[in-house]
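Overview (structure and organization)
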Amino acid sequence: MKETTLNIQMVDLQSQYARLQEEIDAAVLEVIRSAAFINGPAVRDFQAHLEQYLGVNHVIPCANGTDALQVAMMATGLQPGDEVIVPAFTYVATAEVIALLQLRPVMVDVDPDTFNITAELVEQAITPRTRAVVPVNLFGQSCDMEPIMEVARRHNLWVVEDNAQAIGADYSFADGSTRKTGAIGHIGCTSFYPSKNLGAYGDGGAIYTDDDELAQQLRMIANHGQNKRYYHSLVGVNSRLDSIQAAILDIKLKHLDSYAAARRAAADHYDRAFAGIGQLQTPVRHQRSTHVFHQYTLIVRDGRRDELQAFLSSKGIPTMIYYPVPLYEQEAYQKSMANGIGKLPVTDFLCRSVLSLPMHTELNEETLEYICAGVKEFFK
Ligand SMILES: *Cc1c(COP(=O)(O)O)cnc(C)c1O
């Protein structure tokens, strides 16, 4: 392989912006001219459009995805010491807000194919103190939510979906009906961090639910616990989506499905190229969920992950490891965990074996070919 002149990035936000530049520039300037920086009409418009897109009754925009999770957990009214089941293989924010509220994260292992928790793994972890479960729709596809909701109903658990990575994906129920991910649990949470599938040009997040009362509670908590200006009925937080971000997101929301299609096409390209490589496992698509490929994550067998990463790096191909350390091995979580747990075998294996390739909406044929050639050369 020759040295590449391609400037390959994990995520290419500049080219994506270039395609929408005029519309976005105008929308941002409009907010600045109007000076409606906080809770302006752009926020209300985006909220309404997102409610429509997700098919939910209420969207509560907030400052980021971590806040979305925190506000959601606060709205459940759980008490210190209550147990909340989370996957051990996830981004730290999922467990962080639980620990912060003095609840106890109970970490469970994940399915080796989808990297998501399953109803069985959740049920095994339930104790008399379990009050909630936070399924994370990792890398862009839904957990198998129907059986998870069934377990939750039987044990009277809250279900708060961490949908930061899977906005736009559809989950199919046994009866053939579908729902958007995040709209299946009692509360859904998402992030508009720039590199997420629906990314702002700064921080942003949203919480969603169908329940009117819960929505009012969530809105109050995100707004200093006030129901009327300067009247505070509970201790809340300040978490808002600003108008400039809302204006940008409102434009990008119209393209979310075509963005997902572009990601899926890139994933198909990778899948085809790697089909004959026995040491690689390409992403397994769950039959109940569409995949919006927030990440394209390989399993590299035989302990050669780091070697492959170094090789690709020398060819100008960036890769990332999501995630290198299980939550239960993070220093900060040693004390807050409900029970000391040993290694969870799947999570432990994944942390040593996963490798994510460049994945975004602007990957062209030439770049994909170059990346695939690099991977193939390594295994030759
Ligand atoms: C990005 C992410 C979050 C946090 O979102 P922020 O907007 O960065 O606070 C939470 N959970 C998961 C799974 C994420 O990927």
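Residues numbered from 1 in each chain as written. Predicted model: local features only at pLDDT ≥ 70, side-chain atom pairs only at ≥ 80, totals over all residues. Heavy atoms only, no water.

Focus: the domain arrangement of the protein chain
By a widespread convention, an interface's size corresponds to the accessible area lost as its parts come together. Filter applied, for reference: Domains are outlined according to an automatic or database domain assignment. A contact between two residues is defined here by any heavy atoms of the two lying within 4.5 Å. Buried area: the sum, over both parts, of the accessible surface (1.4 Å probe) that disappears when the two are put together. Salt bridge criterion: a side-chain nitrogen from Lys or Arg within 4 Å of a carboxyl oxygen from Asp or Glu.
Each domain of the protein chain was delimited in the assignment, giving domain 1 (15-107 + 115-253) and domain 2 (257-378). Taking only C-alpha atoms, the centre of domain 1 and the centre of domain 2 are 24 Å apart. Residue-level contacts link 41 residues of domain 1 with 33 residues of domain 2. For the pair domain 1 and domain 2, the summed buried surface comes to about 3300 Å²; carbon and sulfur atoms form 57% of the total. Looking at the side of domain 1 facing domain 2, the largest losses of area belong to F89, M107 and F139, adding up to 22% of the total buried there. Across the domain 1-domain 2 interface, the total number found is 2 salt bridges.

Things to note about the pattern of salt bridges
As a reminder, the rule being used: Here a strand is any run of E in DSSP of at least two residues, a helix any run of H or I of at least four, and the numbering for each starts at the N terminus. Partly exposed residues are those whose accessible area sits between 20% and 50% of the maximum for their type, while under 20% is buried and over 50% is exposed, using a 1.4 Å probe and protein chains only.
Under the definition given, this model contains 16 salt bridges. With a closest N to O distance of 2.7 Å, R179 and D210 form a salt bridge. Linking R179 in strand β7 (residues 178-180) with D210 in the loop between β9 (205-209) and α7 (212-222), this pair joins segments that are 31 residues apart in sequence. Ionic pairing is found between K343 and D348, a salt bridge with its closest N-O pair at 3.8 Å. The exposure class of D348 is buried, given its relative accessible area of 13%.

Examining the state of the cysteines
Condition: Only a pair of cysteine sulfur atoms within 2.5 Å counts as a disulfide in this structure description.
Counted by the stated rule, this structure contains 0 disulfides. With no disulfide of its own, C351 has C143 as its nearest cysteine by sulfur position, at a separation of 16 Å.

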